[in-house]
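Now for the letters of each chain:
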Amino acid sequence: MLGPIEESTLGDMPREKRYMVFIASTTKDLGAHRQEVSSRLDKAGFDVIRMEDWTADPDHPAEVSVRNIARCDLCIALIAFQRGTISTRDRRRRSITQLEIETAKRKGVRVLAFVLRDNAANREAWPAEFNRLDDPAVVTWRRDFERELTSQFFDAGEMPDVL
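Residue positions within a chain follow its written sequence, with the count starting from 1. Local features in this predicted model are restricted to residues whose pLDDT is 70 or higher, and side-chain atom pairs enter the listing and the counts only when it is 80 or higher, whereas totals over whole chains, interfaces and linings include all residues. Water and hydrogen atoms play no part in the side-chain values, which are based on all heavy atoms of the structure.

J.: What is the right way to look at the overall build of the protein chain in this model?
T.: Under the DSSP-based scheme used, a helix requires at least four consecutive residues in state H or I and a strand at least two consecutive residues in state E, with every element numbered from the N terminus. On a plain count of helices and strands, the protein chain comes out with 6 helices and 5 strands. The N-to-C order of helical and strand elements in the protein chain reads α-β-α-β-α-β-α-β-α-α-β. Across the 163 residues that make up the protein chain, the buried fraction comes to 45%. Only heavy atoms matter for contacts: two residues are in contact if any of them lie within 4.5 Å across the pair. Residue pairs at least 24 apart in sequence account for 76% of intrachain contacts in the protein chain once pairs closer than 6 positions are excluded. All accessibility values rest on the Shrake-Rupley procedure with a 1.4 Å probe; residue burial counts only the protein chains present in the view. Accessible area for the protein chain stands at about 8,800 Å²; split by element, carbon and sulfur atoms hold 49% of it. Accessibility here uses a 1.4 Å probe with only protein chains present; expressed as a share of the type maximum, an area under 20% marks a residue as buried, one over 50% as exposed, and anything in between as partly exposed.

J.: Please explain the packing of aromatic side chains as it appears in this structure.
T.: Two aromatic rings are characterised by how far apart their centres lie and by the angle between their planes. Stacked, tilted and edge-to-face pairs are distinguished by plane angle, under 30 degrees for stacked and over 60 for edge-to-face with tilted covering the rest, among Phe, Tyr and Trp rings (Trp via its six-membered ring) whose centres lie within 6.5 Å. The tally for this structure, following the rule as stated, stands at 3 aromatic pairs. Ring centres of Y19 and F46 lie 6.4 Å apart, and the angle between their planes is 40°; this geometry places the pair in the tilted category. Linking Y19 in the loop between α1 (7–10) and β1 (20–25) with F46 in the loop between α2 (31–43) and β2 (47–49), this pair joins segments that are 27 residues apart in sequence. The class of Y19 is buried, set by a relative accessible area of 7%. With a relative accessible area of 8%, F46 lands in the buried category.

J.: Honestly, the pattern of salt bridges in this entry has me stumped. Any pointers?
T.: Close approach of charged atoms lets side chains of opposite charge pair. By definition, a salt bridge exists where a carboxyl oxygen of Asp or Glu is found within 4 Å of a side-chain nitrogen of Lys or Arg. Scanning the model with the defined rule gives 6 salt bridges in all. Among the ionic pairs, E148 bridges to K105, the shortest N-O distance being 3.5 Å. Residue E148 is found in helix α6 (residues 136–148), and its partner K105 is found in helix α4 (residues 96–106); the two are separated by 43 residues along the sequence. By relative accessible area, which is 55% here, E148 ends up exposed. Its relative accessible area of 40% is what places K105 among the partly exposed residues. For the salt bridge of R142 with E146, the shortest nitrogen-to-oxygen distance reads 3.8 Å. Of this pair, R142 and E146 both sit in helix α6, 4 residues apart, which is roughly one turn of the helix. With a relative accessible area of 2%, R142 lands in the buried category.

J.: How should I be thinking about α4 in this particular structure?
T.: The periodicity of an α-helix, 3.6 residues per turn, causes residues three or four places apart in sequence to face the same way. Counted residue by residue, α4 has 8 buried out of 11 residues, so it is predominantly covered. Of the residues trailing α4, G108 is marked for its positive phi of about 80°.

J.: Mind showing me how you'd approach the pairing of strand β3 (residues 74–79) here?
T.: Along any regular strand the residues' side chains alternate between the sheet's two faces. Along β3, 6 of the 6 residues are buried, which leaves the element largely enclosed by surrounding structure. The alternating pattern of β3 places L74, I76 and L78 on one face and C75, A77 and I79 on the opposite face, and all of these are buried. The criterion for strand pairing is that DSSP finds at least two bridges linking the strands in question. Pairing analysis gives 5 bridges linking β1 to β3, with the strands arranged parallel. Residue F22 lies in a different strand from β3, and its bridge partner there is C75. On the question of chirality, the crossover connecting β3 to the parallel strand β4 (residues 110–116) by way of α4 is right-handed. A crossover counts as right-handed when, viewed with the strands pointing away from the observer, the path leading from the first strand over the helix to the second turns clockwise.

J.: What exactly am I supposed to notice about the confidence of the model for the protein chain here?
T.: Any region with low pLDDT has predicted coordinates that should not be read closely. A score between 0 and 100, pLDDT records how confident the predictor is in each residue. Averaged over every residue, the pLDDT of the protein chain is 82; the share at 70 or more is 82%. Looking across the protein chain, the model is least confident in α1, with a mean pLDDT of 47, and most confident in helix α5 (residues 120–125), with 94. Within the model, pLDDT remains below 50 along residues 1–8, and this stretch shows 18 contacts once partners closer than five positions in the same chain are excluded.

J.: It is not clear to me how the nonpolar core should be interpreted in this structure. Could you clarify?
T.: As a rule of thumb, nonpolar side chains are buried together in soluble globular proteins. Each nonpolar core is a collection of buried residues, namely Ala, Val, Leu, Ile, Met, Phe, Trp, Tyr and Cys, held together in the definition by side-chain atoms within 4.5 Å. Counting 22 residues, the largest nonpolar core has V37, L41, I76, L78, F114 and W126 as its most contacted members. Elements supplying a minimum of two residues to this core: β1, α2, β3 and β4. When neighbours within four sequence positions are excluded, I76 is seen to be in contact with V21, F22, I23, A24, V37, L41, L112, F114 and V162. A24, I49, C72 and F145 belong to the second-largest nonpolar core, a separate cluster that totals 18 residues.

The structure is reproduced here in structure tokens:
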């Protein structure tokens, strides 16, 4: 169950402003999580930016993401056991989700990361087709999150406690 954002999480953000929140995550494995987080944020009065709501755009999806995240106040990153779709235009072979989060950090957008805990129970419960923990790039990326950005861990079968 999702609970209230603590005052310390929002810091000195004035309350009268409607905050724009970008949800960055893979979609196929975390679709239900994205929907639940989006619904909770919307009910709490945030303007939620998520790719599911975008209209057709001639630009590459990674470019549209970067453009949208730059105008947000907060980025909620949901991370499971994969990086997601690799951008065909990125020489470093980062996923669109990685590019979104890196853009948020570079633009000074506050990032709250919620990471699926890596343990035996979650490896067993998480769908095998979405488990890429055998990919060193995924392991490195997750380890960096755990060190730098993780706000909270969650387990398979539960929703991140963002609100």
